[in-house]
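Spelled out from the first residue to the last, the chains are:
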Amino acid sequence: MPTKKTASKKDESLEIEKESAEKPVKKTAAKKAAADKPAETAEKKAPAKKTAAAKDAEKPVKKAAAKKPAETAEKKAPAKKTAAPKKTAAKKVPAAEAPVEEAVPTEQPVSIEAVPEVVEPIPAEELPQPRRSVAFIGSECYPFVKTGGLGDVMYALPRALTKQNCDVKVILPRYKCIPWKYQEKMVYRGEFQMDLCADGRSFYVGIMEYVWDGVVYDFIDNEEFFSAGNPYISLVDDIPKYCFFAKAALAALNYMNWIPDVIHCHDWQAALAPVYLRTLFAGTPIGGAKTMLTIHNLRFQGIFNIPTLKYWTGLPDYVFNIDVFKQSFEDANMLKAGLAYADMITTVSNTYAGEIQTPFFGENLDAHLRHHSYKLRGIVNGIDVELWDSSKDELLAAPYGRDDALEKKKANKKALQETLGLEQDESKFVLGLISRLTDQKGLDLITAILPALIDGNTQVVVLGTGDARYEDAFRWFENEYKGSVCSNIMYDESRAHAIYAGSDALLVPSLFEPCGLTQLIAMRYGTIPVVRETGGLKDTVQPYNEYENAGNGFTFDRYEAGLLLDAVNRAKTVFFTARERWDEMVLRDMGKDVSWENAAKQYRALYLELKP
């Protein structure tokens, strides 16, 4: 996802008084920060009005009340310190001996140059009541680290919740790959040792904090687990890492004495938090919090052999049964355990919430989800309408709003055609495809019908990377249909914006799609989506009705190439024979509310349901 070129004004005003280290902090780097400056004076005072979370973050940290070795700190940093105690390095974490599961797929990477503009605070008297405190626990968050849609949600939803009178803290791993311009502004909040493994083995936990736009970001620091260049490597490395992270996040909340009403966990990487909370943390201050677990993509669950998970979690044997952890005779499932212990389960669209309770979409958890369906809800994601704004988009040849979209989209189409070497003709029907090139995204359907699409009046523009067979296929199509097909086997931020603005329609024929963002961005830019009726695509795209002149896209139901071709042909028919109706649909789509505001209101309602 793109970023704005101007840095946040609030970040510019927030100066750090301590001297920055010269390279990313390792296990002992948090202590060095403490030696340079006391924890409670590391930042200058922020503007007069602050969230409760920010105020709590500036107070001296306190020890957790509980003294159980598994969930609380054994050696805690004092609230005020001028120098950190010396500490020996922890032993290297051994890699578990087990098969490697496919790594979490990544969306196109996003370059991080600057943070978006700050959000103006809303007067307290205008905010909905009562106020609720929420701790987000997840493995990635834009702009610090992002590989896919989870990073967008962890960034946008907390910011939207601050406008709904929620005090939000986001807890993340402190990966070495986080840009130094963010790391150097992090403030040391404390450290402790935490028992983790079944044999009592303990690990260092450091807490580094970054406050931005009313949201407090606390990073769990441990060089042994988070020193790799990418957040996801393989399950051999990731299983120990996220067992540590889920437990450390809860222990850090206890340590800081920041007790939220709700702990909102995301995907399998944070799924152990509800299990830890109801077992090892039951008698601690944080034990009374409610938990919510959001499924962003059910395909990835954190499945590993039972002995390895027993060792790295340190959890009691009784949770490794068929109702909680046990997946098969040999394997345990981290996501399954989290679903069993969470007080509420959400996923990123209403349709997907129903689909995952069926064998086809359920990824072997459909029966488990049907059993817990009473606490399962679906809420459609939004997009950041400040980042995706065609009227202010500096990457476009001709920025436009609803009032001049019909003319300016033609200018953007001609610019796109010229840039990509396509035949320059504004009357052509341009189909865009911005996607990971994988089976999930329906690429086999597109490659099956692409020759039939090239009829002299249609051009196809592809942007993305993925499976080699699809990359090679689209390269072949470009060579075969020069001037009508352009395959960009890459991800380029400016080109993505140009395709959204210069295309007439966008293809999203996914086999399954929990929510989907590209169709929402396309509508924001006045580009008509052509989608399969699944997951969030079905919830966000209403099929065009020629009799009522209603709808905002073209859809098909069964996963068949012929039905996709029919949907594209229906779109082309309206484009070429009823252009005034097409133009009306363009303006309808641009006026559709695809922001996070509505989703934030629904999440707040669920928080109140959990904690009245």
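Calculation criteria
Residues numbered from 1 in each chain as written. Predicted model: local features only at pLDDT ≥ 70, side-chain atom pairs only at ≥ 80, totals over all residues. Heavy atoms only, no water. Helix = DSSP H or I, 4+ residues; strand = E, 2+ residues; numbered from the N terminus. Buried < 20%, exposed > 50% of the residue type's maximum accessible area, 1.4 Å probe, protein only. Contact = heavy atoms within 4.5 Å. pLDDT = per-residue confidence, 0-100. Axes fitted to C-alpha atoms, helices over the stretch in contact; angles between N-to-C directions. Parallel < 35°, antiparallel > 145°, perpendicular 65-115°, else oblique. Left-handed = near helix turned anticlockwise from the far one by under 90°. Nonpolar A, V, L, I, M, F, W, Y, C, P; charged D, E, K, R; others polar. Polar contact = N/O pair within 3.5 Å; in protein donor to acceptor, adjacent residues only side chain to side chain.

Turning next to the overall build of the protein chain. Of regular secondary structure, the protein chain possesses 21 helices and 18 strands. Out of the 612 residues in the protein chain, the part that is buried amounts to 59%. When contacts within the protein chain are restricted to residue pairs at least 6 apart in sequence, those whose partners lie at least 24 apart make up 77%.

The next point concerns the confidence of the model for the protein chain. Here the protein chain averages 84 in pLDDT, and 80% of its residues register 70 or above. Contacts from residues 1–119, a stretch scored under 50 in pLDDT, to residues over four places away or in other chains number 279 contacts.

Our next topic: the packing of helix α14 (residues 443–453) against helix α15 (residues 468–480). α15 packs onto α14 with a crossing angle of 20° between their chain directions and a minimal axis gap of 11 Å. Relative to α15, the element α14 lies roughly parallel. The two elements α14 and α15 cross, and the hand of that crossing is left-handed. Of the residues in α15, those touching α14 at L443, D444, I446, T447, L450 and P451 are Y470, A473, F474 and F477. For the contact of α14 with α15, the residue count by class is eight nonpolar, one polar and one charged.

On to the environment of L520. Note on placement: L520 falls in helix α17 (residues 518–524). With a relative accessible area of 2%, L520 lands in the buried category. Between the alpha carbons of L520 and M590 there is a distance of 9.8 Å; along the sequence they are 70 residues apart. Each residue touching L520, except ones within four places of it in the same chain, is listed here: N381, G382, I383, T540 and V594.

Another point: the side chain of S390. Take S390: it is sitting in the loop between β12 (376–378) and α13 (405–420). A distance of 2.8 Å separates a polar atom in the side chain of S390 from the backbone oxygen of Y400.

Moving on, we get to the packing of α14 against helix α19 (residues 561–577). It is at 9 Å that the axes of α14 and α19 come closest, and there the two elements cross at 45°. Classified by the angle between their axes, α14 and α19 sit oblique to one another. Crossing of α14 over α19 shows right-handed handedness. Here L445, I446, A448, I449, A452 and L453 of α14 come into contact with α19, specifically with A561, L564, L565, V568 and K572.

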